[in-house]
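Breakdown of the fold
Here's the letter readout for the chains.
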Amino acid sequence: APLLQLTGIVKEFPGVRALDGVDLVVRAGEVHCLLGQNGAGKSTLIKVLAGAYQPDEGEIVMDGEHAHFADPQAALAAGIATIYQELDLVDGLSVADNIFLGHERSRFGFSRVSDSNRAARELLVSLGHPEIRPSRETGSLSAAGKQIVSMARALSRQAQVIVMDEPSAVLDPDEVGGLFRVIEDLRASGKAIVYISHRLEEIRRIGDRLTVLKDGRTVAADLPARETPTSELIALMTGREVSAEY
Ligand code: ADP
Ligand code: MG
Ligand code: MG
């Protein structure tokens, strides 16, 4: 059974049906790409997954059980961690404090700051980034470093599903390579990654499966990410035929 299954998700805002019946299936140990033009509904969908929005209709099943995420804490507790483009890190806090912010093992749950730093360091090392010191002020890190801190936070919450909204948009090509190595390790450890991007070459490199959204609907579900022709993906995203030699 898939780790996560969404069926018929609808979300309306005044005058806009942002999601108009979305289906999504995600398995453990796969990178599932979510593809769609600007306005297709990608960010709205992940906010539903993250408990930031309540769907008007539809069903979420996680680990074989009906799920209802009343708020972001509920989604996190169920094992879904979301890394937004606008990272929700506090620049003035240390890396370790950001990793454990709001966690039962927050700074106040550790008996000493050094224990918090040690736990943060273990997570950063496991992500292949020992150079990010837990005591460092988070605001001094690069965009890539901040993404790693967000991922360490997801791991500290035992997330099973890690959702990333266009993470490469703020990275240079070397940093994208580093991010992909981290994602590959997370996949190998059995996590499910939901990776949003409209860059088809990235989807080929990192994706296992993909789902295409258009105008708030799933127009193609669970396709193989490397084998589906580019012309077909563009036709699905745009609704227009594209010559095969694109
Ligand atoms: P994507 O991330 O694929 O670019 P979005 O999920 O951001 O798409 O937007 C889908 C549609 O919903 C767009 O038409 C957008 O304008 C609309 N929308 C998104 N969020 C809101 C909101 N909070 N209020 C009203 N309309 C919204
Ligand atoms: Mg957008
Ligand atoms: Mg978006």
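How each quantity is defined
Residues numbered from 1 in each chain as written. Chains lettered and ligands numbered in written order. Predicted model: local features only at pLDDT ≥ 70, side-chain atom pairs only at ≥ 80, totals over all residues. pLDDT = per-residue confidence, 0-100. Domains from an automatic or database assignment. Contact = placed C-beta atoms within 7 Å. Helix = DSSP H or I, 4+ residues; strand = E, 2+ residues; numbered from the N terminus. Near = placed C-beta within 6 Å. Nonpolar A, V, L, I, M, F, W, Y, C, P; charged D, E, K, R; others polar. Core = buried A, V, L, I, M, F, W, Y, C linked by C-beta atoms within 7 Å. Buried ≥ 20, exposed ≤ 12 C-beta atoms within 10 Å, placed from the backbone. Axes fitted to C-alpha atoms, helices over the stretch in contact; angles between N-to-C directions. Parallel < 35°, antiparallel > 145°, perpendicular 65-115°, else oblique. Left-handed = near helix turned anticlockwise from the far one by under 90°.

Looking at an unreviewed UniProt entry, one finds the protein named Sugar ABC transporter ATP-binding protein and attributed to Mumia xiangluensis.

1. Digging into the confidence of the model for the protein
Interpretation of this model should avoid reading the predicted coordinates in detail wherever pLDDT is low. When pLDDT is averaged across the protein, the result is 91; 95% of the residues are at 70 or more. The ipTM, which scores confidence in the relative placement of chains, is 0.97 for this predicted complex, and the corresponding pTM is 0.91.

2. Side note on the domain arrangement of the protein
Domains assigned within the protein are domain 1 (1-79 + 161-246) and domain 2 (91-159). Centre-to-centre separation of domain 1 and domain 2, based on C-alpha positions: 26 Å. At the junction of the two partners, domain 1 supplies 13 residues and domain 2 supplies 11 residues. Among the elements of the structure, β7 (161-165) and α6 (173-188) are those that each provide at least two residues to the side of domain 1 that touches domain 2. Per-element accounting of the side of domain 1 that touches domain 2 gives the leading share, six residues, to α6.

3. A few points about the site of ligand 1
Around ligand 1, the structure places F13, V16, A18, G36, N38, G39, A40, G41, K42, S43 and T44. At the level of elements, β2 (16-26) and α1 (42-49) are the ones that each hand at least two residues to the shell around ligand 1. Classifying every residue of the shell around ligand 1 by side-chain character gives four nonpolar, six polar and one charged.

4. Some remarks on the nonpolar core
Nonpolar side chains in soluble globular proteins generally cluster together in the buried interior. In this structure, I80, A152, V161, I162, V163 and I193 are the most contacted members of the largest nonpolar core, which totals 66 residues. Considering every element that reaches this core, the biggest residue donor is helix α5 (residues 143-156), with six residues. Two domains each put at least three residues into this core: domain 1 (1-79 + 161-246) and domain 2 (91-159). Apart from residues lying up to four places away in sequence, I80 is in contact with L49, A50, A75, A159, V161 and V163.

5. Describing the packing of α5 against α6
Helix-helix packing is described using two parameters, namely the angle between the two axes and the distance between the axes. Where α5 contacts α6, the two axes come as close as 10 Å, and the packing angle between them is 15°. Here α5 is positioned roughly parallel relative to α6, judged by the angle of their axes. At the point where α5 passes α6, the crossing takes the right-handed sense. Of the residues in α6, those touching α5 at A144, Q147, I148 and M151 are E175, G178, L179 and V182. Its residues placed into classes, the contact of α5 with α6 shows five nonpolar, two polar and one charged.

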